[in-house]
Amino acid sequence: MTVREINGTKLAEMVLQGAQHLKANSQMIDALNVFPVPDGDTGTNMNLSMTSGAEEVKKISENHAGAVGQALAKGLLMGARGNSGVILSQLFRGFSKACEQKEALTTKDLAKAFQSGVKTAYKAVMKPVEGTILTVARESAEAAEKLAEQEDDVLVFMDGVTKAAHDSLQRTPDLLPVLKEVGVVDSGGQGLLTIYEGFLANLKGEEMPEMTSSSVSMDEMVNAEHHKSAQDFMNTEDIEFGYCTEFMVKFEQEKLQENPYDEEQFREELSRHGDSLLVVSDEELIKVHIHAEYPGDTMTLGQRYGSLINMKIENMREQHTSIVGDKTSTKPKELADYGIVTVAMGDGIKKLFESLGANVVIQGGQTMNPSTKDISDAITQVHAKQVLILPNNKNITMAAEQAAELAEVDALVVPSKTIPQGMSALLGFNPEADITTNQEEMSNLMKEVKSGQVTYAVRDTQIDGMTIEKGHFMGILEGDIKATQQSQFETARKLLKEMIDEDEDEIVTIITGEEVTQEELDELEAYIEEQFEDLEVEIHHGGQPIYSYIFAVE
């Protein structure tokens, strides 16, 4: 059967099937992360972003392709998480612009839309890198242009575009040496191909894998729990457990051998930390929903059985206040001159940033990138004329910049890539200076600090001539792996030796994570004082997951 054009209804079906196929494969895409650190979140970020787009598409009732495209772009824009999610949002933003006046799309219309998406995405990235999702999008769009010249059957056309995306993806290791060294294709490119495969399957009338029944029932149960809260009939101060916490644990056999999983026992342990508790598990995963006062404690319990993924924490007190409103207030609160929004994980790090002047600390970081909407909501929450945003993670910068562009007040991003950079930048904030001057001064100041982290490897790999074994610890300096040892302490010691210049540096700040013992910390402090006797040591308990140590040297 020849398909000459696709109308709005058909395009909506394609989008929904593309989103579902991406969701079904998101964990596989996560596993393609180049570095073996536990932050393989490309699939998760693209899935959450595309799901946001799909939800907007579901609201469209008119049979108009342009309207469907605009809804997809709007949902993606606000739901975009991480660099991969932001790039995906820009691809379909350009796509929707090219077809906004079209009731139905021919192969030529689709080719123009794909090209428009590529141009928009390349403009959004300050330094485009080939061998990534951008390359797969560009080369498949180029193939689309050629196909449209000779093919008017949309099904045949989309089959060709998908094959071109597949071939482009297979070439990514030739363009990005680090991919070839590790032996993987680009994760973002794989995510885009997965969406295109969903589009094609819908045109062919093929079914793609459905969500597991456990994930559906969990979502339904969470909605039911939230419905029970009856927000209009309680005061904000009556909320005992203030954070709606959701996370998943991907089982790891080594951890299960040490801590055999028992769902009833795990549920009982979690119940001591909050209410509205839901626990669902299968052979591979545990899904948890709980209202807790200390979310990090509940995640630590889950980490005994495997790796944390798909974490989400929301402040219910703030949500309740925004929903119910302050009924005693008679006039709107005046805007403050300045507001500062930053992103961090761990109760201790949150308090550190607040002590340095941050007004809103969004719970997020590695494995849990906040969306554009999350950051936009934080900008609104600070209620200020000028807002500075510190993402503290390179994978959050694009979403932060997108939120700044959408803001109705003056908002600028100080592009901090690490927690130490964010802390250093805040020390340079001057409430008397204008926002542009503050952005420049804070950006310059953060470059003076060296950032290091200790984490663990989630798989065996070889990178930069270094052999890394799953479960061993890694010391990372400014994004580069500098040390790997079986011992957490030895890894931290080697990393510090690499970071510290005795002639130049004056202070080292240690921020401890969830799994650092006092005994090990004392040993590390003694080592620093013995080896670098003129160096001042400052210690804070950050309580962050993933990174057992964060080091700042300056």
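Every chain is numbered on its own, with residues counted from 1 as its sequence reads. Per-residue local features of the predicted model are confined to residues with pLDDT of at least 70, and side-chain atom pairs are confined, for both listing and counting, to 80 or more; whole-chain, interface and lining totals are unaffected and use all residues. Derived side-chain values reflect all non-hydrogen atoms in the structure, with water molecules and hydrogen atoms excluded from consideration.

Trainee: Is there a simple way to explain the environment of E264 in this structure?
Mentor: In this structure, E264 sits in helix α12 (residues 263–271). Each residue is assigned to one of three classes by its accessible area relative to the maximum for its type, calculated with a 1.4 Å probe on protein chains only: buried under 20%, partly exposed between the two thresholds, exposed over 50%. We classify E264 as exposed; its relative accessible area is 54%. Between the alpha carbons of E264 and V279 there is a distance of 9.0 Å; along the sequence they are 15 residues apart. Polar contacts involving the side chain of E264 include one to the side chain of R267, which spans 2.8 Å. Secondary structure elements follow DSSP: runs of H or I no shorter than four residues count as helices, runs of E no shorter than two count as strands, and numbering proceeds from the N terminus. In the analysis that follows, any N or O atom pair within 3.5 Å is treated as a polar contact, provided that within protein one partner can donate a hydrogen and the other can accept it, and provided that, for residues neighboring in sequence, both atoms belong to side chains.

Trainee: Honestly, the packing of aromatic side chains in this entry has me stumped. Any pointers?
Mentor: Ring pairs (aromatic) are described by centroid distance and by the angle formed between their planes. Between the rings of Phe, Tyr and Trp (Trp by its six-membered ring), a pair exists once the centres lie within 6.5 Å; its type follows the angle of the planes, with under 30 degrees stacked, over 60 edge-to-face, and the other angles tilted. Following the criterion strictly, the structure yields 12 aromatic pairs and no others. Taken together, a centroid distance of 5.5 Å and an interplanar angle of 65° make the contact between F114 and Y196 edge-to-face. Here the residue F114 occupies a position in helix α5 (residues 107–124), and Y196 occupies one in helix α9 (residues 187–204), the gap between them amounting to 82 residues. Exposure class is identical for F114 and Y196. Each is buried. An angle of 80° between the planes, with centres 5.4 Å apart, marks the rings of F266 and Y305 as edge-to-face. With a gap of 39 residues between them, F266 in helix α12 and Y305 in the loop between α13 (295–303) and β6 (306–315) connect regions that are remote in the sequence.

Trainee: I would appreciate a short explanation of the sheet that holds strand β17 (residues 536–544) in the present structure.
Mentor: Note: strands within a sheet are paired through backbone hydrogen bonds, in either parallel or antiparallel orientation. A pair of strands is considered paired only if DSSP assigns at least 2 bridges between the two. Taking strand neighbours across the sheet as the criterion, the six strands line up as β15-β14-β11-β18-β16-β17 in an open arrangement whose pairing is mixed. At either end of the open sheet lies a strand with only one pairing partner, and these are β15 (480–485) and β17. Along the sheet, successive strands turn relative to each other by an average axial angle of 20°, direction set aside. The contact rule is simple, with two residues in contact once any of their heavy atoms fall within 4.5 Å. Axis definition: a line fitted to C-alpha atoms, over the contacting stretch in the case of helices. Angles run 0 to 180 degrees between N-to-C directions. On the sheet, helix α15 (residues 347–355) packs against β16 (507–513), β17 and β18 (549–553) and is oriented at approximately 120° with respect to β17.

Trainee: I tried to follow the pattern of salt bridges on my own but got confused; where do I start?
Mentor: Side chains carrying opposite charge are able to pair once their charged atoms draw close together. Throughout this description, the term salt bridge denotes a Lys or Arg side-chain nitrogen within 4 Å of a carboxyl oxygen of Asp or Glu. With the rule as written, the count across this model stands at 22 salt bridges. Across the pair E13 and K10 runs a salt bridge, and its minimum N-O distance is 3.4 Å. With E13 and K10 both in helix α1 (residues 8–30), this residue pair falls three residues apart, about one helical turn. Classification of E13 by relative accessible area gives partly exposed; the value is 35%.

Trainee: Looking at this structure, how should I read unusual backbone geometry?
Mentor: Trans peptide bonds make up the majority, and among non-glycine residues the majority have a negative phi. Phi at E478 takes a positive value of approximately 50°, unusual for a residue other than glycine. Inspection of the secondary structure assignment puts E478 in the loop between β14 (473–477) and β15. In this model, I546 sits at a positive phi of 70°, which is unusual for a non-glycine residue. Within the secondary structure, I546 is located in the loop between β17 and β18.

Trainee: Please clarify how α5 should be interpreted in this entry.
Mentor: Quick reminder: α-helices carry 3.6 residues per turn. Residues three or four places apart thus point the same way. Taking 1.5 Å as the rise per residue, α5 with 18 residues should run 26 Å; its terminal C-alpha atoms sit 26 Å apart, in good agreement. Residues of α5 that are buried make contact with β1 (6–7), α4 (82–99), β2 (104–105), α6 (133–150), α7 (154–175) and α9. Here, expected helix span is obtained from the residue count minus one, scaled by 1.5 Å.

Trainee: Would you mind showing me how to read the pairing of β18 here?
Mentor: For a regular strand, the rule is simple: side chains alternate between the two faces of the sheet. Counted residue by residue, β18 has five buried out of five residues, so it is predominantly covered. By the alternation rule, side chains of β18 split into Y549, F551 and V553 and I550 and A552, which are all buried. Sheet topology note: the strand β11 (residues 450–456)/β18 ladder contains five bridges and is antiparallel. Each residue of the ladder has a partner; that of K450, found in β18, is V553.

Trainee: Would you mind showing me how to read the pairing of β15 here?
Mentor: Note that β14 and β15 share five bridges and pair antiparallel. Each bridged residue has a counterpart across the sheet, and for L477 the counterpart in β15 is D480. The hairpin turn running from β14 into β15, its antiparallel successor, is two residues long, and E478 in that turn takes a positive phi close to 50°.

Trainee: I would appreciate a short explanation of α1 in the present structure.
Mentor: Its 23 residues place the ends of α1 31 Å apart at the C-alpha level, agreeing with the 33 Å of an ideal helix rising 1.5 Å per residue. The backbone nitrogen of T9 has a side-chain oxygen 3.3 Å away, supplied by the residue at the start of α1, namely N7.

Trainee: When you look at the sheet that holds strand β10 (residues 410–413) in this model, what are you seeing that I'm missing?
Mentor: If you trace the four strands from one edge of the open sheet to the other, you get β8-β7-β9-β10, paired in parallel fashion. The open sheet terminates on both sides in strands that have one partner only, identified here as β8 (360–363) and β10. Each adjacent strand pair in this sheet contributes to an overall mean axis angle of 20°, direction not counted. Strand direction decides the pairing type here: strand β9 (residues 384–390) and β10, joined by four bridges, are parallel. Each bridged residue has a counterpart across the sheet, and for I389 the counterpart in β10 is V413. Strand contacts of α15: β7 (336–344) and β8, with the helix running at about 160° to β8, the strand carrying the most contacts.

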